[in-house]
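A closer look at the structure
The lines below spell out each chain.
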Amino acid sequence: MVTQFEEGITLDRFIFETTRDHPEATGRFATLLQQIALAARLISARVNRAGLAGMLGGTGEVNVQGEFVQKLDEYSNEVLKRALEHPGVCCMLASEEDEEPFIVPDRFATGPYAVCVDPLDGSSNIDVNATIGTIFGVFKRKSSTDVQGQVEDLLQPGTDLIGAGYVIYGSGTVFVLSTGNGVHGFTLDPTVGEFFLSHPNLRLAPRGTIFSVNEAYASQWPEGIRDYVRTLKEPDAGMSARYIGSLVADFHRNLIKGGIFLYPGTAAKPKGKLRLLFEGFPLAFLAEAAGGAATDGRGRLLERVPESIHERTPLIIGNRDDVADATRALSPEYVAS
Ligand code: AHG
Ligand code: MN
Ligand code: MN
């Protein structure tokens, strides 16, 4: 019998081979990805033992987003900061959990990359053992490496991302990564602590068959979204509905099976709930790299330039033609059929 090692490509080998071909290839980018993989293994182990290790439930605190902080949010955030202050890799890390970006403290350890993370996405699903994840995006810094990172290193358009990915802690732990050249998934073998290539070159066809949206807010959506979602429920539309409530899990399923995820703005919250830097940009980067699309309802999401690190955005993401239909339904000229 062939072992995984004999037939498989490890994440480390994949990172080495792909970053070597990168025009700006440096060992530092490979180290950055390896440090994220290290954080992912640590978080995955803690997620799996959460009920035993006293990691369920909240810390009693409220984060910068006004949301209750879960113990796993805090743990994941700390692990990522420790992993990414590795010398010579990052200058700063912006996290959904911290009001201010974390600047690599030792000036001599500062590196050429700025990273944005949602350390634990889907926190409301922790206590019910449903799938959660970690989302990240990587920018090349703008400021000089002679100084510590500046906020301008993070407030870059999504088109400037040089890599993005997520790790999903579900029935298995899967690391999904793109450095612009396709989207690839690696499954963790927890017995040896290694990620193996399991989903090479994930692609989104022009159309999917799943839609994911929290319909409880339907009465607050823009009319175009209500009309669009109604068309998806026509008998001949051939669609099915799935909504986990962890963006990373809903996106992952749609990436593998084909589908569209929508979290529109509402009259009261025109900017929606999801965060542009921590959730929108990284997943939009992956969707496009897989042949799909992502929009805020007005234009291509990756072309947005964030004004602040905690900026929110409406999000419509998935198969290209489905996203185009939803966007059309939001345009002022649209007339419901
Ligand atoms: P987080 O746990 O990082 O705060 O993100 C939660 C987000 C996202 O994962 C999910 O798609 C969305 O919240 C669900 O929101 P609703 O409960 O309003 O549908
Ligand atoms: Mn999230
Ligand atoms: Mn989160």
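The preceding data block contains the structure.
Residues numbered from 1 in each chain as written. Chains lettered and ligands numbered in written order. Predicted model: local features only at pLDDT ≥ 70, side-chain atom pairs only at ≥ 80, totals over all residues. Heavy atoms only, no water.

1. A short note on the overall build of the protein chain
Along the backbone of the protein chain there are 8 helices and 15 strands. Relative to a compact globule of 337 residues, whose C-alpha radius of gyration would be 20 Å, the protein chain shows 19 Å and is just as compact. With respect to the principal axes defined by its C-alpha atoms, the protein chain has extents near 60 × 55 × 45 Å. Going through the 337 residues of the protein chain one by one, you find that 54% of them count as buried. Taking the intrachain contacts of the protein chain between residues at least 6 apart in sequence as the baseline, contacts between residues at least 24 apart amount to 63%. Carbon together with sulfur atoms contributes 51% to the accessible area of the protein chain, which is approximately 14800 Å² in total. Taken as two groups, the 31 positive and 43 negative side-chain charges of the protein chain have centres that lie 2 Å from each other. (Helix = DSSP H or I, 4+ residues; strand = E, 2+ residues; numbered from the N terminus. Rg over C-alpha atoms; globule rule 2.2 N^0.38 Å. Buried < 20%, exposed > 50% of the residue type's maximum accessible area, 1.4 Å probe, protein only. Contact = heavy atoms within 4.5 Å. Areas by Shrake-Rupley, 256 points an atom, 1.4 Å probe, with all protein chains shown as cover. Lys, Arg positive; Asp, Glu negative; His and termini not counted. Charge placed at Lys NZ, Arg CZ, Asp CG, Glu CD.)

2. Concerning the sheet that holds strand 12 (residues 240–241)
An order of 12-11-13-15-14 is seen for the 5 strands of this open sheet, with the pairing classed as mixed. For this open sheet the edge positions go to strand 12 and strand 14 (293–295), each flanked by a neighbour on one side alone. Set on the sheet, helix 5 (residues 223–232) makes contact with strand 11 (210–212), strand 13 (259–263) and strand 15 (315–318); between it and strand 13 the angle comes to about 150 degrees. In this fold helix 7 (residues 276–289) packs onto strand 14 and strand 15, with an angle of close to 25 degrees to the strand it touches most, strand 15. (Pairing = 2+ DSSP bridges. Axes fitted to C-alpha atoms, helices over the stretch in contact; angles between N-to-C directions.)

3. Quick word on the packing of helix 5 against helix 8 (residues 320–330)
Look at helix 5 against helix 8: their axes get within 7 Å of each other, and the N-to-C directions meet at 140 degrees. One element, helix 5, and the other, helix 8, form an angle in the oblique class. The two elements helix 5 and helix 8 cross, and the hand of that crossing is right-handed. The residues of helix 8 that touch helix 5, namely those facing Gly-224, Ile-225 and Tyr-228, are Asp-322, Asp-325, Ala-326, Ala-329 and Leu-330. (Parallel < 35°, antiparallel > 145°, perpendicular 65-115°, else oblique. Left-handed = near helix turned anticlockwise from the far one by under 90°.)

4. Some remarks on the site of ligand 1
Surveying the vicinity of ligand 1 reveals 19 residues, the closest of which are Asp-121, Asn-214, Tyr-217, Tyr-243 and Tyr-263. Within the contact set of ligand 1, an oxygen atom lies 3.0 Å away from a side-chain nitrogen or oxygen of Asp-118. A distance of 2.7 Å separates an oxygen atom of ligand 1 from a polar atom in the side chain of Asn-214. For ligand 1, the accessible surface in isolation is 470 Å², of which the surrounding protein chains cover 88%. Counting only elements with at least two residues in the shell around ligand 1, the list comes to strand 5 (113–121) and strand 13. Among the residues forming the shell around ligand 1, the class breakdown is 7 nonpolar, 5 polar and 7 charged. Two domains each provide a minimum of three residues to the shell around ligand 1, namely domain 1 (11–199) and domain 2 (210–329). (Near = heavy atom within 4 Å. Polar contact = N/O pair within 3.5 Å; in protein donor to acceptor, adjacent residues only side chain to side chain. Nonpolar A, V, L, I, M, F, W, Y, C, P; charged D, E, K, R; others polar. Domains from an automatic or database assignment.)

5. Quick look at the sheet that holds strand 7 (residues 161–169)
Strand order in this open sheet of 8 strands is 4-3-5-6-7-8-9-10, and the pairing throughout is mixed. The open sheet terminates on both sides in strands that have one partner only, identified here as strand 4 (102–103) and strand 10 (194–199). Pairing of strand 6 (residues 132–140) with strand 7, which is carried by 8 bridges, proceeds in the antiparallel orientation. Bridge pairing links Gly-133 to Ile-168 in strand 7. Contacting strand 3 (90–95), strand 4, strand 5 and strand 6, helix 4 (residues 71–84) runs over the sheet at an angle of about 160 degrees to strand 5.

6. Topic: the coordination of the manganese ion (ligand 3)
Donor atoms from the polypeptide that coordinate the manganese ion (ligand 3) comprise Glu-96 (OE), Asp-118 (OD) and Leu-120 (O), at 2.2 to 2.3 Å from the metal. Spacing between the donor residues of the manganese ion (ligand 3) along their common chain follows E-x21-D-x1-L. The distance between the manganese ion (ligand 3) and the manganese ion (ligand 2) comes to 3.7 Å, and Asp-118 binds to both of them. Taking the relative accessible area as the measure of exposure, Asp-118 reaches 0% and is therefore buried. (Donors = N, O, S within 2.8 Å, 3.2 Å for Na, K, Ca; no water.)

7. So, the state of the cysteines
Per the stated rule, a full pass over the model turns up 0 disulfides. Counting only cysteine sulfurs, Cys-91 is the nearest neighbor of Cys-90, a cysteine outside any disulfide, at a range of 7.0 Å. (Disulfide = S-S within 2.5 Å.)

8. Quick word on the coordination of the manganese ion (ligand 2)
For the manganese ion (ligand 2), the protein coordination sphere consists of Asp-118 (OD), Asp-121 (OD) and Glu-279 (OE), at 1.8 to 2.1 Å. Here the donor residues for the manganese ion (ligand 2) map to a single chain with the spacing D-x2-D-x157-E.

9. Structural notes on the pairing of strand 1 (residues 58–62)
In the sheet, strand 1 pairs with strand 2 (residues 68–70) via 2 bridges, with the strands oriented antiparallel. Among the inter-strand pairings, Val-62 is bridged to a residue of strand 2, identified as Phe-68. Where strand 1 folds back onto strand 2 in an antiparallel hairpin, the turn is made up of 5 residues, including Gly-66, whose phi is positive at roughly 80 degrees.

10. Details of the layout of surface pockets
Taken as a whole, the largest pocket encloses approximately 470 Å³ of empty space. Around the largest pocket sit 27 residues that line it, and Gly-122, Ser-123, Ser-124, Gly-245 and Lys-273 are the ones nearest its centre. Looking at the lining of the largest pocket, the elements that each hand over two or more residues are strand 2, strand 5, helix 6 (247–257) and strand 13. Of the residues that constitute the lining of the largest pocket, the class distribution is 9 nonpolar, 8 polar and 10 charged. In this structure, the lining of the largest pocket is formed jointly by two domains, domain 1 (11–199) and domain 2 (210–329), each of which donates at least three residues. If you add up the space inside the second largest pocket, you get close to 300 Å³. Lining the second largest pocket are 14 residues, and of these Gly-265, Pro-270, Asp-296, Arg-298 and Pro-314 lie nearest its centre. Looking at the lining of the second largest pocket residue by residue, the class counts come to 6 nonpolar, 3 polar and 5 charged. (1 Å grid on protein atoms, 1.4 Å probe; cavity = no way out; pocket = protein on both sides within 12 Å on 5 of 7 lines; lining within 4 Å. Points joined across faces, edges and corners; volume = space filled by probe spheres on them.)

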